[in-house]
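# Summary of structural features
Below, each chain spelled out in residue letters.
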Amino acid sequence: MQSEKLIQQLLEQTTQITNQAEKLKTLDLNTLTWKENNTSWSILECLEHLNLYGDFYLPQIETKLKTSDSKPESEFKSGLLGNYFAKSMLPKEKLNKMKTFKDKNPLNAKLDTTVINKFIDQQIKLLDLLNQSRNVSLNKVKISTSISSFITLKLGDTFQFYINHIIRHLKQIERIQLAMKNV
Amino acid sequence: MKEIVALSDKTITINRNEFLKVKGSIDTNIYYIESGSLRIFVLDDYEEQTIRFGYKENIIVSLDSFLTEKPSDLFIQAIKKTVIKVITKQQIEKFLETESNRTLWTKILENLVIQQMEREIDILTNSPKERYERVLKRSPQLFQEIPNKHIANYLRMSPETLSRLKKS
């Protein structure tokens, strides 16, 4: 895939994500903290979970972008693992449950609407990083995953994986809103 | 302008604070605003700087991207709920195949150049009071359509300075 085409696609997805988050800002705190049962997440918990991922990935990507001396390449080729990770994140027809790592689980943390603002700030940061990534190779820059610092993904795959993960949980948020309506 | 708007076959609605375009994206569309308002801004070190506004019956476009078909640094964001008609570059190109349409198009572009020059003079004017008066004289309607804090940013002054100038 052409690198520029991938960046355009990721910018477009990030725009949609940001707009969806702006809509959530209009909801009241009761809706934002509502949950179907004790072990399921509220809207704010979903967003906080995403913020925790952002805290892990965004600073690392920023540092790697600053220190990389790789040259931009017109073509990006997904790695085997990267492609698998990115695809596995996308929500299926019927939401497939996935396990959350303990340190990324916000269940029952005290949360307020600042969570949404932080999430939107992270999306603006992501836009900035996507723009900066035009100056490096999406293939050669490697990012450590949150699973293990020994497992690294290409920058291009990391962006896809990271954004698909957000899309996954925004779908979950839509489901929460639906479930709440049906109560 | 009516002729250009008539080319559109797509209407979209965006809510307050939602983005029509973000930094780095390629956007070759022209947008006609049916209702609501939008602003164009750039992020300079996380500081937003508003470049232009659009409100009902205006055209708004990321002109750099429209002309070059390359990524542009501009953000376009809705100030309130906004309904816009989308006109694509392909539709414009088709329209310009007719000779008489080209005259109309040139007029629109000339108008845009004049507006850009006015804006350049605004920015280079030292006195905040004069900057305010220039814009007030040129676009009195702007002050009806757009919240103060955005106009203050556009005029490169604090909202407090703007409200003081409005009273004097």
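All of the points below concern the structure found in this document. Just so it is clear, the structure is predicted and the values come from calculations on it, not from any experiment.

The next point concerns the overall build of chain A. Helix and strand content of chain A: 6 helices and 2 strands. For chain A, the succession of helices and strands along the chain, N to C, is α-α-α-α-α-β-β-α. For chain A, whose C-alpha radius of gyration is 17 Å, the value lies close to the compact-globule estimate of 16 Å for 183 residues. Taken over the C-alpha atoms alone, chain A extends approximately 55 × 30 × 30 Å along its principal axes. Taken over 183 residues, chain A has a buried fraction of 32%.

Across its full length, chain B carries 8 helices and 8 strands. Its C-alpha atoms give chain B a radius of gyration of 17 Å, within 12% of the compact-globule value 15 Å for 168 residues. Taking the principal axes of its C-alpha atoms as reference, chain B extends roughly 50 × 30 × 30 Å. Sequence-distant contacts, at least 24 apart, represent 68% of the contacts inside chain B between residues at least 6 apart.

Here we take up the interface of chain A and chain B. Contacts between the two partners involve 12 residues from chain A, matched on the other side by 9 residues from chain B. Contributions of two or more residues to the side of chain A that touches chain B are made by helix H1 (3-24) and helix H5 (114-132) of chain A. A per-element tally of the side of chain A that touches chain B places H1 of chain A first, with 9 residues. Of the residues in the side of chain A that touches chain B, the class split is 3 nonpolar, 6 polar and 3 charged.

Each value, and the rule that gives it
- Residues numbered from 1 in each chain as written.
- Chains lettered and ligands numbered in written order.
- Predicted model: local features only at pLDDT ≥ 70, side-chain atom pairs only at ≥ 80, totals over all residues.
- Helix = DSSP H or I, 4+ residues; strand = E, 2+ residues; numbered from the N terminus.
- Rg over C-alpha atoms; globule rule 2.2 N^0.38 Å.
- Buried ≥ 20, exposed ≤ 12 C-beta atoms within 10 Å, placed from the backbone.
- Contact = placed C-beta atoms within 7 Å.
- Nonpolar A, V, L, I, M, F, W, Y, C, P; charged D, E, K, R; others polar.

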